[in-house]
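As a plain string of letters, each chain reads:
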Amino acid sequence: MLNLHRLWARSLRLRAVLLTGLFTLLGTGVVAYFLIAQVTDGFFQERLDQVEAEATNGLGQVRTSLDSLPSTEQAAVNEHVDTTLANVSGAANLYRETLLVPLEDAENLYVQQRTTGGLEPEDVISPEMREAVLAGDQQYWQSISYTNDDGETVPGVIIGVRITSLPPGPPYGIFFVYDFSSVQENVDYVFGIFMIAVLVLLVMNIAIALWLSRTVVRPVSQAAEVSERIADGQLDQRLAVVGEDEIARLGQSFNRMASNLQDQITQLANLSKMQQRFVSDVSHELRTPLTTIGMAASMLHESREDFDPMTQRTSELLHHQVERFEALLADLLEMSRFDAGAAELAVNDVDLLGLTKEVLLTAKPLADQSGTPVHLVVRGEDFHAEADHRRIDRILRNLINNAIEHSEGRPVDIVAASSPTAVGIAVRDYGVGMTPEEVSRVFDRFWRADPARARTTGGSGLGLAIATEDTRLHSGSLDAWGQEGQGSCFRLVLPRRQSEPYRAAPLALPPSYDTSARQNVEDRDLISAASGSYDRVHEQALNEQAGAELVQEADDDAAQPEDEEGAR
C-alpha cells in the first residue's frame, strides 16, 4: 500500500491515465444507464401496448362466448368453457397461456379452474392482482416472472378481468399470461452493444491519455533530470528542443535560463574566488608588519612604568589594540581556510563538561563586572566526545561571552545534557532577546543585531560564523532561538563519535530545566575541578577583561571626534 501511494504521488503519467479511465467509466456509465433505461422502457411499452390490445380482444371473445351458454347443466357448461378457452388460446399468438380461476374460496365448485398450459395459478397470480380483479370490472395487468418449460425464469405480464356470466357460485377471473422473453433478449443485446462501446471508448481514452501524458510529461521529466544535474554542478546541461509548440518554447526558455544561470554562477564563483584570494593574501601580507608592530607594542607595554601617565595609557591602548587586530586577523585567516576547504580537525577525546567549566572560569570577570549571575545545569553523566578541543573552546567562549554581554544583568544558564549518541550544551540568557529576522541572520558574517550597541568584548562579527563552521566540521549542529524581552538561547550538539551521526538532540531549544538544579560557578571546588589551576586561568581572564576595557575606551575615543564634528 505504501509503494502504491508513493507511486501515485511520484508519477504524473499514472495519475493522468487512471483519472482519465475513471472519469471515462463514470461518464459513459451514466450515459449508458440512461440510454439503456430509455431503450428498455421503449421495448417494454411497445410490447405492453400490443398485448393489451390483444388481451382486450381475447377477453372480449371469452365474455361473449360465456354469455351465450347453451345450457345450465354442469357437463354442458364445463364443455362450453373448455371449448371457449381452447379457441381463444389457439387464436391468440402473443400470449402463452389462459387461466380461468375462481376469485374466492368455495367448495363443490360448479366450474373448476382451468389452464391451457402447465402454469399453476398460485405461481403467476399475486394476491394483489386477485383482489384488484375481484373488486372491479376493468382489465388489470401486472409484471411477473415465471418458469418456462425449459426450467428458465423468464419475464412476463399477466392481464386479467372478472367474469360474472358463469352459473351461480364464486366470481371467476380470466387471465392471459404473456411471455416477454423476446423483450428481455432485445434489452440484453442492446446492453451488450453499449458495454462494447464503453469498453472501446475506455481503451481509446486511455490510449489518448497515455499519448498526451507521454508528450507532455516526458519533456517535464527531462527538465527535472536536467535541473537536478545542474543543481549538482553540471552547468553545461541543456534540454533537447524539437518542434515549435509550447513544449519546445518551454525547452528554449529553460535553456536560456540555464545559460544565464551558468553565466551568473560562473561570475559569482570567480568573484568569490577573487574575494577569498584577496582576504587570504591581505591577511598573510599583514602578518609580517603586524608581528613587528606587536613586538614593538609589547616592548612599550613592558616599559610603561617608566613613562608619564599619558604615554603609559597610550602604550596600553596600543598593546591591546594590536592584540585586537591580531585576533581579527586570525579570524579572517580562519574564515579563509574555511572558504578554501583547508580547515581540519585535531580530534581527541574531550570532556565537554570540563571544557565548559574552564570557559565559565575565564568568563567570570566579565560576568562580575556586569553583575550577571552565571549558573551551570548538568543533566546526564558522561560528556566525553571526539572533538577538537581548541575549536569547541572557541565556540563555547563565544556563546557564553555573548550571552553575558546581552543579558543586561539577568541570569545566564549553561545547560549540559547527554544521550547515548550525542552531547548537547545550551547557553540560555534572559536579556534583550532577538526577533525572528535576527535569529535567521545571527550566524551571518560581520552581522550585528545592534551595531550601535557598546561592545564590551571587542567582537568583530565573525565569532558566530566561525562557530558555525567549527560545528559543521564536527558533523554537529548549532541552532539559535530568541524572543524579544524573553532572552536568547544557542544550542550546540556534537556526536560522540565522528563516524556515527547522532539520532536526536539530547535537549530541546530552548531547554526546559528545574531552576533548583542550578550550580553556582563561584564555587571554587567546581572551578578547580574544571581547570585544575584556578590561579592561572583566573589571571588570564582578568588580563583579557582589562584588555576589553581598554578596547572599549579606544572605541569611545575614536568615536568622539565624529560626535564633535556632528555637533559642530
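These figures come from a predicted structure and were not determined experimentally. (Residues numbered from 1 in each chain as written. Predicted model: local features only at pLDDT ≥ 70, side-chain atom pairs only at ≥ 80, totals over all residues. Heavy atoms only, no water.)

1. Concerning the overall build of the protein
Along the backbone of the protein there are 14 helices and 13 strands. Here the protein holds 568 residues, and the buried ones make up 38% of them. Look at the contacts in the protein between residues 6 or more apart in sequence, and 69% of them connect residues 24 or more apart. Counting only carbon and sulfur atoms, one obtains 54% of the accessible surface of the protein, whose full area is about 32100 Å². (Helix = DSSP H or I, 4+ residues; strand = E, 2+ residues; numbered from the N terminus. Buried < 20%, exposed > 50% of the residue type's maximum accessible area, 1.4 Å probe, protein only. Contact = heavy atoms within 4.5 Å. Areas by Shrake-Rupley, 256 points an atom, 1.4 Å probe, with all protein chains shown as cover.)

2. Topic: the packing of helix α10 (residues 389-406) against helix α12 (residues 463-473)
Two elements in contact, α10 and α12, have axes separated by 9 Å at closest approach and are oriented at 140°. Between α10 and α12, the angle falls in the class oblique. Crossing handedness for the pair α10 and α12: left-handed. On α12, the residues that touch Arg-391, Arg-394, Ile-395, Asn-398, Leu-399 and Asn-402 of α10 are Gly-463, Leu-464, Ile-466, Ala-467, Asp-470, Thr-471 and Leu-473. Here the residues of the contact of α10 with α12 sort into six nonpolar, four polar and three charged. (Axes fitted to C-alpha atoms, helices over the stretch in contact; angles between N-to-C directions. Parallel < 35°, antiparallel > 145°, perpendicular 65-115°, else oblique. Left-handed = near helix turned anticlockwise from the far one by under 90°. Nonpolar A, V, L, I, M, F, W, Y, C, P; charged D, E, K, R; others polar.)

3. Comments concerning the side chain of Arg-491
For Arg-491, the location among the structural elements is in strand β12 (residues 487-495). Engagement of the side chain of Arg-491 in a polar contact is seen with the backbone oxygen of Leu-507, the distance being 2.9 Å. Setting aside its immediate chain neighbours within four residues, Arg-491 contacts Ile-425, Ala-426, Ser-477, Leu-478, Asp-479, Ala-505, Leu-507, Ala-508 and Leu-509. (Polar contact = N/O pair within 3.5 Å; in protein donor to acceptor, adjacent residues only side chain to side chain.)

4. Points about the sheet that holds β12
In space, the six strands of this open sheet follow the order β11-β12-β10-β9-β7-β13, with mixed pairing throughout. A single partner strand is all that each edge strand has here, and the edge strands are β11 (477-483) and β13 (519-520). Taken together, the two bridges between strand β7 (residues 374-379) and β13 define a ladder with antiparallel strand orientation. Across the sheet, the residue bridging to Leu-376 is Gln-519, located in β13. Contacts between helix α9 (residues 352-370) and the sheet are confined to β7, β9 (412-418), β10 (422-429) and β12, with β7 contributing the most and set at about 170° to the helix. Running at roughly 20° to β10, α10 makes contact with β7, β9, β10, β11 and β12 of the sheet. (Pairing = 2+ DSSP bridges.)

5. Points about a nonpolar patch on the surface
A cluster of nonpolar side chains, contributed by Trp-8, Leu-18, Leu-19, Leu-22, Phe-23 and Leu-26, occupies part of the molecular surface with about 570 Å² of accessible area. At five residues, the largest contribution of residues to the nonpolar patch is made by helix α2 (residues 12-67). (Patch = residues over 30% accessible without salt bridge, like charges linked within 9 Å, V, L, I, M, F, W, Y side chains within 5 Å. Salt bridge = Lys/Arg side-chain N within 4 Å of Asp/Glu carboxyl O.)

6. Section: helix α6 (residues 181-231)
When the terminal C-alpha atoms of α6 are compared, their 71 Å separation across 51 residues agrees well with the 75 Å that a helix rising 1.5 Å per residue should span. Of all the bends found along α6, the most pronounced is centred on Val-217 and spans about 30°, while Pro-219, a proline, follows it within four residues. Among all positions in α6, only Ser-181, Val-183, Val-187, Val-190, Val-198, Leu-202, Ala-209, Ser-213, Val-217, Ala-223, Val-226 and Ile-230 are buried. Of the residues flanking the end of α6, it is Gly-233, one or two places downstream, whose phi is positive at about 110°. (Expected span 1.5 Å × (residues − 1). Bend = angle between axes of the 7 residues up to and from the residue.)

7. Here's the deal with the pairing of β9
Among the seven residues in β9, six count as buried, and that is most of the element. Across six bridges, β7 lies against β9 in parallel orientation. Its bridge partner lying in β9, Val-374 is registered against Val-412. Between β9 and β10, which pair antiparallel and follow one another directly, the connecting turn spans three residues.

8. Things to note about the packing of α2 against α6
In contact at an axis separation of 8 Å, α2 and α6 are set at 160° when each is read in the N-to-C sense. When the axis of α2 is compared with that of α6, the two are roughly antiparallel. For α2 against α6, the interelement crossing comes out right-handed. Among the residues making up the contact of α2 with α6, the classes are represented as 23 nonpolar, eight polar and four charged.

9. Some points on the nonpolar core
The biggest cluster of nonpolar side chains holds 38 residues, and the ones touching the most others in it are Leu-352, Ile-392, Ile-400, Ile-404 and Ile-414. Considering each element in turn, this core owes the most residues, eight residues, to α9. If near-sequence neighbours (up to four positions away) are discounted, Ile-400 is found in contact with Val-359, Leu-360, Ala-363, Ile-414 and Val-427. If you look at the next biggest cluster of nonpolar residues, it comprises 25 residues, including Ala-55, Leu-100, Val-161 and Tyr-172. (Core = buried A, V, L, I, M, F, W, Y, C linked by side-chain atoms within 4.5 Å.)

10. Focus: α9
Relative to the 27 Å expected for 19 residues at 1.5 Å per residue, α9 spans 26 Å between its end C-alpha atoms, a close match to the ideal helical length. At Ala-363, α9 shows its largest kink, close to 45°, and the proline Pro-365 lies no more than four residues downstream. Judged by how many residues are buried, α9 sits mostly within the fold: 15 of 19 residues are covered. Looking at the residues trailing α9, positive phi occurs at Gly-371, about 65°.

11. Considerations on the pattern of salt bridges
Within this structure, the stated rule accounts for 11 salt bridges. Arg-391 is the partner of Asp-388 in a salt bridge, and the nearest nitrogen-oxygen pair spans 3.4 Å. Among the residues examined, Arg-391 registers a relative accessible area of 3% and is labelled buried. When the shortest N-O distance is used, the salt bridge between Glu-469 and Arg-472 registers 2.8 Å. With Glu-469 and Arg-472 both in helix α12, this residue pair falls three residues apart, about one helical turn. Among the charged side chains, a salt-bridge network with shared partners connects Asp-388, Arg-391, Arg-394 and Asp-470.

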